[in-house]
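# Descriptive analysis of the structure
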Amino acid sequence: MKIKRTITSLLTAAMLATALAGCQNTSKASKAQSANDEQNSQAAVTETTAPPDTYSDIDDMISKMTVEEKVGQLFYVNCRGNDMTEAINDYHIGGVLLFGVDFDGKTKEEVNADIKAMQSNAKIPLIIGTDEEGGTVVRASDNPNLRDSAYLSPSDTFDNGGWSAIAYDKAEFLLSLGVNVNMAPVCDITSDPYSFMYYRSFSSDAASTSRFVDTVVKASKEKKLGTVLKHFPGYGDNGDTH
C-alpha cells in the first residue's frame, strides 16, 4: 500500500512538473512571438517613415543644367560695390563675396535688400560670403549701423571670456544680414610679431589653434552658417602674399 501511494505521488509530481514546463515554454514562446511582432512593427514604421533622398533633387537639378551654368557655379566673385546682376544672370556664378564697401554706411535693411536682390536674380541660391574674422578683418561689424562695436580678434575674445566666448554670436549676426558663409576661421600659426598673420592668428600653439577652429566650426554649423578654414597651404611667418 505504501509503495502504491509512493508511486502515485511520484507520478502526480512528474505530471505537474511536465505541465508547468509546458506552461513556461508556451509563455516564453508567446513572449518571443510578441517581441518579434513588435520588432517587425517597428521595422515597418521605420521603413515607411525613412527620410527622402535629398540628393536626388540635386542630381535632377544638375542633370538639367547647361555646361555654361555648371562652369559658372564654380566661380565665387567679389562684389566690391559693383552691380552683380550681369554676373548672376549671364554667367551663372555660384557665389558673391562681400567686402567692407558693400556694408559701409548701410543699415541692416539696406544690406538685406541688396542681398535679396542678388538672390532673386539667381537660378540657384547663391553663396553670400564675407570675411568676418574679428580684429583687423571685420567687413560687416565695423559698420556701427550694423553692430555697436566691431568683433575683437579671436585671441582677444578668448582673453576676455575663455572658450565659451569663442562660440560668439557671429553666426546669428551674419545670417541676419543675409550672409550664409563666413570666410573664417584663420587656422594659421605664427610666433613672429612682424609676420602678416600674427595679429590674425589665434595662437602660436597648434593644439590651442586646433581647438579654436573646432569650436568656431561647430558653433557656426549649429546655426547653419558655412565656414572657410584658411589659409591654404598656410602663411606661417611670411609676409602678405595676396
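Definitions and cut-offs
- Residues numbered from 1 in each chain as written.
- Predicted model: local features only at pLDDT ≥ 70, side-chain atom pairs only at ≥ 80, totals over all residues.
- Heavy atoms only, no water.
- Salt bridge = Lys/Arg side-chain N within 4 Å of Asp/Glu carboxyl O.
- Buried < 20%, exposed > 50% of the residue type's maximum accessible area, 1.4 Å probe, protein only.
- Pairing = 2+ DSSP bridges.
- Helix = DSSP H or I, 4+ residues; strand = E, 2+ residues; numbered from the N terminus.
- Core = buried A, V, L, I, M, F, W, Y, C linked by side-chain atoms within 4.5 Å.
- Contact = heavy atoms within 4.5 Å.
- Right-handed = clockwise from strand over helix to strand, strands pointing away.

Evaluation of the coordinates by the stated rule reveals nine salt bridges. Where Lys 64 meets Asp 60, a salt bridge forms, and the shortest distance between an N and an O atom there is 3.2 Å. Assessed through its relative accessible area of 60%, Lys 64 is described here as exposed. One salt bridge in this structure joins Lys 106 and Asp 114, with 2.6 Å as the shortest N-O distance. Asp 114 gets classed as partly exposed once you look at its relative accessible area, which sits at 33%. It is possible to trace a salt-bridge network through shared partners that takes in Asp 131, Glu 133, Arg 139, Arg 200 and Lys 230.

Take the sheet that holds strand β2 (residues 95–98) next. The parallel open sheet is built from five strands, whose spatial order is β1-β2-β3-β6-β7. Strands with a single pairing partner mark the edges of an open sheet, and in this sheet they are β1 (76–78) and β7 (226–227). Both strand β6 (residues 181–182) and β7 contribute to a ladder of two bridges, which runs parallel. Paired with Val 181 across the bridge in β7 is Gly 226.

Val 96, Leu 98 and Met 118 are the most contacted members of the largest nonpolar core, which totals 24 residues. Looking at this core, the elements that each hand over two or more residues are α4 (85–91), β2, α5 (108–121) and α7 (170–177). Of all the elements, α7 adds the most residues to this core, at four residues. Excluding residues within four positions of it along the chain, Val 96 makes contact with Tyr 76, Val 77, Cys 79, Met 84, Met 118, Leu 126, Ile 127, Ile 128 and Gly 129. Judged by nonpolar contacts, the second largest core, of five residues, contains Ile 166, Phe 202, Phe 212 and Val 213.

The next subject is the pairing of β2. Here β2 shows two buried faces, one formed by Gly 95 and Leu 97 and the other by Val 96 and Leu 98. Note: β1 against β2, three bridges, orientation parallel. Its bridge partner being in β2, Asn 78 is matched across the sheet by Leu 97. In this view, the connection linking β1 to its parallel neighbour β2 by way of α4 has right-handed handedness. Of the strand pairs in this sheet, β2 and strand β3 (residues 127–130) are connected by four bridges, and their pairing is parallel. Paired with Val 96 across the two strands is Ile 128, which belongs to β3. Handedness of the β-α-β unit built from β2, α5 and β3 comes out right-handed.

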